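# What the coordinates show
Read off the chains here:
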Amino acid sequence: MYRVDSPGRVNLMGEHTDYALGYVMPMAINLYTVVHAQMSNSVRVYSQIFHDVHEFPVESPAKSGDWSDHVKAVFWVLKNEGHKVGGVKAIVGGDLPVGSGLGSSASLKVAFISLLNRIYELNLLPVEIALLAKKAENEYMKVPTGVSDPFTVVNGRKGHVLFIDTDALNHSYIKFPESARLIAFYTGITREVASSSYAERRKLAEETLRILGRHSSIDVSERDLRTLPSLYRRFFGYIVRENRRVLEARDALRSSDLEKLGELMTTSHCDVARNYDVSSEELDFIVKRAVELGAYGAKMTGAGFGGSAIILTDEERAIDVAEALMEDYMRTFNWEPEYHIVIPSDGVKARIV
Ligand code: GLA
């Protein structure tokens, strides 16, 4: 029997920069997709979260519009890239919430690629696993995400945040202070518009790079944007500033300056809300209240339009801030949110049990 523990992720800094080949500073978190599996001729997957079973052939599995599409996407991409795999019987569970903006789709895909890599001895490198997961998401699921989520799920390290240059695809680790905590606070909202609005932003960023004749957002300054139409200027201006904030956040973390890191997170959120139009009333409320309640800072994490926010606090204050915010949120939106206090964890692990 094989077991895979595949973490979720939060993004501490560098939102919507990865598809513009910029900088990102995410971490894998201690909430996991867990898969138990054994070799088989065809594929049979059971979800402990959705309580349903899906069976499909290894070759050319057809989409069914549910969670199993993420698994089918994995079989599809492996075949497409010339990797020979057989089937599995698998049980999927774990404590990573699904669909709340904590990287559950990347986590599930990386879990299955790592599982098949182990069972069928594909000898894939970590970066190849991340790129296959991205390809599966982009080409089978048709969601044009960047590389940062699967890259983080693969390369996470306990007690550390990753700094990723998404163009060079290299990364380094920065220690996350032991006393610090992040509250991943789920708004309860997964917006349908998310994927089309995400795709529009990505298209605009790529067009801006094309117009400017640049390869990556790292090579662009705000001055370069002066001659562009105003929407391009506003959207890409945000990306340029966010790249800079990732570097500043890396410096703040290197000197364990949580005040500075928190400030940068809140500034990042205000910028993404004002200039990139991917926040929501609920996310803005969480960020504002969290800061009023004494957090170092807060911001949305992931694609936005709902999903989750992250709040930076000390270990001692984390529960009090989260509980107070929970009450305020329920009173304001008449909706019971969900929160998790998270720390940086190791990346995916596939082993025999
Ligand atoms: C989603 C995508 C990532 C990234 C973020 C925004 O999580 O999967 O690639 O673009 O949104 O930072």
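Predicted model, so just to flag it, every value in this text is computed and none were measured. (Residues numbered from 1 in each chain as written. Predicted model: local features only at pLDDT ≥ 70, side-chain atom pairs only at ≥ 80, totals over all residues. Heavy atoms only, no water.)

## Let's talk about the sheet that holds strand β11 (residues 338–342)
Applicable threshold: Pairs of strands are assigned from DSSP output, requiring at least two bridges between the strands. Numbered from the N terminus, helices here are DSSP runs of H or I no shorter than four residues, and strands are runs of E no shorter than two. Lines fitted to the C-alpha atoms define the axes, with helices restricted to the stretch that makes contact. Angles between their N-to-C directions range from 0 to 180 degrees. Should any heavy atoms of two residues lie within 4.5 Å, those residues are counted as being in contact.
A sheet is described by the order of its strands in space; here four strands give the open sequence β9-β10-β8-β11, paired in antiparallel fashion. Here the strands that pair on one side only, and so sit at the sheet edges, are β9 (297–301) and β11. Each adjacent strand pair in this sheet contributes to an overall mean axis angle of 25°, direction not counted. The strands touched by helix α7 (residues 258–275) within the sheet are β8 (180–190), β9 and β10 (306–314), with β9 carrying the most contacts at an inclination of about 45°.

## Quick word on the packing of aromatic side chains
How we decide: Two rings from Phe, Tyr or Trp (for Trp, the six-membered ring) form a pair when their centres sit within 6.5 Å of each other. Planes less than 30 degrees apart are called stacked, planes more than 60 degrees apart edge-to-face, and all others tilted. Think of it in three bands: with a 1.4 Å probe and only protein chains considered, a residue is buried below 20% of the maximum accessible area for its type, exposed above 50%, and partly exposed in between. Consider the ring centre and the ring normal. A charge sits over the ring if Lys NZ or Arg CZ is within 6 Å of that centre and within 35 degrees of that normal.
Counting across every chain of the model gives eleven aromatic pairs. When the ring of Tyr23 is compared with that of Phe163, the centres are 5.3 Å apart and the planes differ by 35°; the resulting orientation is tilted. Here Tyr23 is found in strand β2 (residues 23–40), whereas its partner Phe163 is found in strand β6 (residues 160–165), with 140 residues between them in sequence. Phe163 matches Tyr23 in its accessibility class, with the two residues each being buried. Taken together, a centroid distance of 6.5 Å and an interplanar angle of 10° make the contact between Phe50 and Trp67 stacked. One end of the pair, Phe50, is in the loop between β3 (43–47) and β4 (52–56); the other, Trp67, is in the loop between β4 and α1 (68–80), and 17 residues separate them in sequence. Accessibility expressed as a relative area gives 42% for Phe50, which makes it partly exposed. A cation sits over an aromatic face here: Arg157 above Tyr173, 3.8 Å from the ring centre.

## Observations concerning the nonpolar core
As a reminder of what qualifies: Put simply, a nonpolar core is a bunch of buried Ala, Val, Leu, Ile, Met, Phe, Trp, Tyr and Cys residues held in one set by side-chain atoms that sit within 4.5 Å of each other.
Counting residues in each nonpolar core, the largest one holds 45 residues, and the members touching the most others are Val35, Phe75, Leu78, Phe112 and Leu115. At nine residues, helix α2 (residues 104–119) tops the list of elements feeding residues into this core. Other than its neighbours up to four places away in sequence, Leu78 contacts His83, Val85, Leu116, Leu122, Leu124 and Leu132. Listed in part, the 36 residues of the second largest apolar core include Leu204, Val278, Val287 and Ala322.

## Considerations on the site of the ligand
Here is the rule we go by: One heavy atom suffices: a residue is near a molecule or strand as soon as one of its heavy atoms comes within 4 Å of it. Each polar contact in these results corresponds to two N or O atoms within 3.5 Å; when the atoms are within protein, one needs to be able to donate a hydrogen and the other to accept it, and residues that are neighboring in sequence are counted only if both atoms are side-chain atoms. Residue classes follow a fixed rule: Ala, Val, Leu, Ile, Met, Phe, Trp, Tyr, Cys and Pro count as nonpolar, while Asp, Glu, Lys and Arg count as charged, and any other residue, Gly among them, counts as polar.
The immediate surroundings of the ligand are formed by Arg9, Glu15, His16, Asp18, Tyr19, Thr145, Gly146, Ser148, Asp149, Tyr198, Gly302 and Ala303. Within the backbone of Gly146, one N or O atom sits 2.9 Å away from an oxygen atom of the ligand. Between the ligand and the protein, one listed contact pairs an oxygen atom with a side-chain N or O atom of Asp149 at 2.8 Å. Its residues placed into classes, the shell around the ligand shows three nonpolar, five polar and four charged.

## Notes on empty space enclosed by the protein
Formally: Cavity means a closed set of points on a 1 Å grid over the protein atoms alone, one where a 1.4 Å probe fits but cannot get out, pocket means an open set with protein on both sides within 12 Å along at least 5 of 7 lines, and lining means a residue has an atom within 4 Å of a point. Grid points are joined across faces, edges and corners, and a volume is the space filled by probe spheres set on the points.
Scanning the entire structure with this criterion turns up one cavity of 30 Å³ or more. In this structure, the largest cavity encloses a volume near 30 Å³. Lining the largest cavity are Arg201, Leu204, Ala205, Thr208, Tyr232, Phe235, Phe236, Ile239 and Tyr276. Of all the secondary-structure elements, those providing two or more residues to the lining of the largest cavity are α5 (194–212) and α6 (230–254).

## Section: the pairing of β4
Where β3 lies against β4, five bridges are found, and the strand directions are antiparallel. Note on β4: the bridge partner recorded for Tyr46 is Val53. Linking β3 back to β4 in an antiparallel pair, the connection comprises four residues, with His51 at a positive phi of about 55°.

Without other data, these values stay purely geometric and don't point to any function.
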